[in-house]
Amino acid sequence: MQTGHILLFLIVPTFMERGHSGNHTKNIRGLQQNIAHQHYRVVKGEIFMIPCTHKEVVCSRIGEEGNKDLSFDCGEFPTEAKHSGNYTCLTGSSKFHLQVVEKTSLRCSKPDESSLMLIVSEGGMIPCPGLDCYNRDVIWYKGIKAVSNQIRGFLEKNGYLRLDTVSEYDTGVYFCDRQINEQGVMWTFRRAINITTIPYETATDPPKIVHHDDNMIEEVELGQPHTLTCKVYFPFEINFSPEVKWYMNYGGNMENMTLLHMQSRQQKPMFKRFEVIQRAIINVTSLHLNHTYTCIARNTVDTRSITVKLKKKIKVKWSSLVGYPIVPLLLVAGLGIVLHVKRLEVQLIYRYHFQRGKRDGDEKEFDVFLSYVWSPSAEEEGGLTLSSPSRPDTDVKACLSSLDLLNTEENTQRALEVLLPQVLEDWWGYRLCLLERDVLPGGAYTDDVVHAIQRSKMLICLLSDNYLSNSNAVFVLESGVQALLKNSAFKLLLIWTGKTSTSITQANPPLPSVVQRALKVLPSLDWTSGKPARGTSNFWRSLRKDMPNH
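Residues numbered from 1 in each chain as written. Predicted model: local features only at pLDDT ≥ 70, side-chain atom pairs only at ≥ 80, totals over all residues. Heavy atoms only, no water.

## Section: the overall build of the protein chain
Part 1 of the argument: The helix and strand inventory of the protein chain stands at 13 helices and 29 strands.
Part 2 of the argument: A fraction of 71% describes how many contacts in the protein chain between residues 6 or more apart in sequence connect residues 24 or more apart.
Part 3 of the argument: Counting only carbon and sulfur atoms, one obtains 53% of the accessible surface of the protein chain, whose full area is about 32,300 Å². (Helix = DSSP H or I, 4+ residues; strand = E, 2+ residues; numbered from the N terminus. Contact = heavy atoms within 4.5 Å. Areas by Shrake-Rupley, 256 points an atom, 1.4 Å probe, with all protein chains shown as cover.)

Next up, the structure:
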């Protein structure tokens, strides 16, 4: 008997376990079948959360003709009766049926069961609506996640969601799902409850006026509207009914007050307080300056007030206080900008006009470095020479008196490249430096030019289209400009032998920037072959005055 009893106890649980496993497998398969096409019921006016796992999912209702006539993004939306119907999500693999029912059709309901207030730092219990007439086996959600999968500590028990300590961040919409079987169809009855967390139920502090200090003075303009502003912070209250008003006190008498006409009140709710702004607009006259103005703020705890007085604003004549100092300031600023942009030009003009005649402490080997480019006419005259006097005229008066000898018809027809070296060297006795004659061949051209300028008191450049298109000649001119900027005793003289309006801008290759800017500001002399004797006489006199002493 004992052996039989033992075998019986071993065999019976085995069959029972097999039977239980079969039922469990059947339930799992049933859930898997229902996942593909679920049925949801929701109360009209309550929030419904679409059954989806990704926020990017879009669910659309399928109309009678098979087209999509209504779509919702994954999330929450308030339901209406017209939202009932069959929905498919994303690729169509997930479908659900939504039925929106009237609240009056429920077995039981309470007026405020869809909203609840919880006090922060205290414990809280959230009941699933319909506990008294539906089953208490529910699953709670916040958003699209079940509360059991969230980090926040929740306890689900007997249809309630329990919070040990309520936080400010627990505010939001919670959902509870319960399963209801009707005529062989398993419905998920989804109810929503809106939770609002509050710091406390009743206020414990009076209002605080923060916009003004008491007995402050505001400046106003007569005949102009002026806005009185009162900004108040009220502590949180469930039944919040703030009172903020502006009064005018005649002659400063606090007992004789008149309510001012006020604009619509601005109210901004915060978690622990409300911000209220009340404004009143007055058209200022001289009588308003004799009165005081009071803002009174009141709540269930106490009353606070501040007073404001008006003062006539003294108009400042901007033309006398601002206009006059600004004009010199603008002139100085404009001059500074011009000097910054035209710094090179200003420096060249200053060197040329205001530091002429300064002597260099070092004795120079040459008086003049002459730079030119042979023109076709000059090459033909290259062999001709000018009859020189018995001795050079180093005396200024003697030189000027002998200029008439240069003003012959033969000399005025000659090219200056041929005539000038003979005049400077043979007639006036200057020590002349010519690159092709006085610089030994074989060296670097740039070094020879710089060295020749350093050994000379003055550089004379005979400018023409041929000169400005010759890169070697332009380098001599550029080196001369740089020497003038560095050495105040150095002199630079420009003589145009064929000046045109397009020489500077249309030179090929383009001239360096420093050369273009120097040609625009430095004085120059003009020589044209074939001028009358009086014109050439003026040229020679001007040239003689610009020459250095020797």
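Once the structure has been displayed, the description carries forward.
## Things to note about the packing of aromatic side chains
Part 1 of the argument: Under the criterion given, the structure shown has 19 aromatic pairs.
Part 2 of the argument: Taking 5.1 Å as the distance between ring centres and 75 degrees as the angle between the ring planes, the aromatic pair formed by phenylalanine 539 and tryptophan 540 counts as edge-to-face.
Part 3 of the argument: You can call tryptophan 540 buried: its relative accessible area is 0%.
Part 4 of the argument: An aromatic cluster is defined as three or more aromatic residues linked by ring pairs; in this entry it consists of Tyr40, Phe48, Phe72, Phe77, Tyr87 and Phe96. (Phe/Tyr/Trp six-rings, centres within 6.5 Å; stacked < 30°, edge-to-face > 60°. Buried < 20%, exposed > 50% of the residue type's maximum accessible area, 1.4 Å probe, protein only.)

## Re the environment of glutamate 113
Part 1 of the argument: Inspection of the secondary structure puts glutamate 113 in the loop between β7 (94-101) and β8 (115-119).
Part 2 of the argument: Judged by relative accessible area, glutamate 113 falls into the buried class, the value being 10%.
Part 3 of the argument: Leave out the neighbours within four places in its chain, and glutamate 113 touches Lys103, Pro129, Gly130, Arg191 and Ile193.
Part 4 of the argument: A polar atom in the side chain of glutamate 113 sits 3.1 Å from the side chain of arginine 191. (Polar contact = N/O pair within 3.5 Å; in protein donor to acceptor, adjacent residues only side chain to side chain.)

## Re unusual backbone geometry
Part 1 of the argument: Its identity is not glycine, yet asparagine 158 carries a phi of approximately 55 degrees, on the positive side.
Part 2 of the argument: Examined against the element boundaries, asparagine 158 turns out to sit in the loop between β12 (155-157) and β13 (160-163).
Part 3 of the argument: Take asparagine 158: its relative accessible area is 48%, and that puts it in the partly exposed class.
Part 4 of the argument: Positive phi values are uncommon outside glycine, yet glutamine 183 reaches one of about 55 degrees.

## Examining the packing of helix α11 (residues 471-486) against helix α12 (residues 513-521)
Part 1 of the argument: Two numbers describe how α11 lies on α12: the axes approach to 10 Å, and their chain directions differ by 70 degrees. When the axis of α11 is compared with that of α12, the two are roughly perpendicular. The segment α11 lies against α12, with Val474, Leu477, Glu478, Val481 and Gln482 engaging Val514, Val515, Ala518 and Leu519.
Part 2 of the argument: Among the residues forming the contact of α11 with α12, the class breakdown is seven nonpolar, one polar and one charged. (Axes fitted to C-alpha atoms, helices over the stretch in contact; angles between N-to-C directions. Parallel < 35°, antiparallel > 145°, perpendicular 65-115°, else oblique. Nonpolar A, V, L, I, M, F, W, Y, C, P; charged D, E, K, R; others polar.)

## Quick notes on the environment of leucine 98
Part 1 of the argument: Mapped onto the fold, leucine 98 is located in strand β7.
Part 2 of the argument: The spatial distance from the C-alpha of leucine 98 to the C-alpha of histidine 39 is 6.2 Å, given a sequence separation of 59 residues.
Part 3 of the argument: Leucine 98 has contacts with Tyr40, Val42, Phe48, Phe77, His83, Ser84, Gly85 and Tyr87, leaving out every residue within four places of it along the chain.

## Here we look at the side chain of arginine 191
Part 1 of the argument: Counting through the fold element by element, arginine 191 comes out in strand β15 (residues 185-198).
Part 2 of the argument: Of the polar contacts made by the side chain of arginine 191, one reaches the side chain of glutamate 46; its length is 2.7 Å.
Part 3 of the argument: In contact with arginine 191, other than residues within four places in its own chain, are Val43, Glu46, Leu106, Glu113, Ser114, Pro129, Gly130, Tyr174, Phe175, Cys176 and Arg178.

## Topic: the sheet that holds strand β9 (residues 124-127)
Part 1 of the argument: An order of β9-β13-β12 is seen for the three strands of this open sheet, with the pairing classed as antiparallel. Looking at which strands have only one partner, the edges of the open sheet turn out to be β9 and β12. With direction set aside, neighbouring strand axes in the sheet form an average angle of 25 degrees. (Pairing = 2+ DSSP bridges.)

## Brief notes about the pattern of salt bridges
Part 1 of the argument: Tallied over the entire structure, the rule returns 22 salt bridges.
Part 2 of the argument: Notably, a salt bridge pairs arginine 41 with glutamate 182, separated by 2.9 Å at the nearest N-O pair. Here the residue arginine 41 occupies a position in strand β1 (residues 37-43), and glutamate 182 occupies one in strand β14 (residues 172-182), the gap between them amounting to 141 residues.
Part 3 of the argument: What makes arginine 41 buried here is its relative accessible area of 11%.
Part 4 of the argument: Glutamate 182 sits in the partly exposed class, given a relative accessible area of 33%.
Part 5 of the argument: Salt bridges sharing partners connect three or more residues here, namely Glu46, Lys103, Glu113 and Arg191. (Salt bridge = Lys/Arg side-chain N within 4 Å of Asp/Glu carboxyl O.)

## Looking at the nonpolar core
Part 1 of the argument: Judged by nonpolar contacts, the single largest core of 58 residues is most densely connected at Leu420, Ile460, Ile495, Trp540 and Leu543.
Part 2 of the argument: Ranked by residue count, the leading element in this core is α11, at eight residues. (Core = buried A, V, L, I, M, F, W, Y, C linked by side-chain atoms within 4.5 Å.)

## Some remarks on α11
Part 1 of the argument: Relative to the 22 Å expected for 16 residues at 1.5 Å per residue, α11 spans 23 Å between its end C-alpha atoms, a close match to the ideal helical length.
Part 2 of the argument: Those residues of α11 not exposed but buried are Ala473, Val474, Val476, Leu477, Ser479, Gly480, Val481, Ala483, Leu484 and Leu485.
Part 3 of the argument: Two to three positions downstream of the cap, the backbone nitrogen of asparagine 472 sits 3.0 Å from a side-chain oxygen, assigning the N-cap of α11 to asparagine 470. (Expected span 1.5 Å × (residues − 1).)

## Digging into the sheet that holds strand β16 (residues 208-209)
Part 1 of the argument: Taken together, the four strands give an open sheet; going across it, the order is β16-β18-β22-β21, and neighbouring strands pair in antiparallel fashion. The strands lining the two open edges of the sheet, one partner per strand, are β16 and β21 (266-269).
Part 2 of the argument: Pairing of strand β18 (residues 225-235) with strand β22 (residues 273-283) involves eleven bridges; the strand directions are antiparallel. Note on β22: the bridge partner recorded for valine 232 is valine 276.

## Structural notes on the side chain of histidine 291
Part 1 of the argument: By the secondary structure assignment, histidine 291 is in the loop between β22 and β23 (292-298).
Part 2 of the argument: Among the polar contacts listed, one links the side chain of histidine 291 to the backbone oxygen of leucine 287, at a separation of 3.4 Å.

## Concerning the pairing of strand β27 (residues 456-463)
Every other side chain in a regular strand lies on the same face of the sheet, so the side chains alternate between the two faces.
Part 1 of the argument: Most of β27 sits inside the fold, with seven of its eight residues counted as buried.
Part 2 of the argument: Where strand β25 (residues 366-371) meets β27, five bridges bridge the pair, whose relative direction is parallel. Across the sheet, residue valine 368 finds its bridge partner in β27, namely methionine 458.
Part 3 of the argument: Here six bridges tie β27 to strand β28 (residues 491-496), and the two strands are oriented parallel to one another. By the bridge assignment, leucine 463 is partnered in β28 with tryptophan 496.

## Some points on helix α9 (residues 445-454)
Part 1 of the argument: Of all the residues in α9, the buried ones are Val449, Ala452 and Ile453. For α9, the angular spread of buried residues about the axis comes to 100 degrees, placing them on one side. Opposite the buried face of α9, at more than 90 degrees from it, the exposed residues are Asp447 and Gln454.
Part 2 of the argument: Residues of α9 that are buried sit in contact with β25, β26 (432-433), α8 (435-438), β27 and α11. (Arc of directions from axis to C-beta.)

Fair warning: the whole summary comes from geometry, so function is off the table for now.
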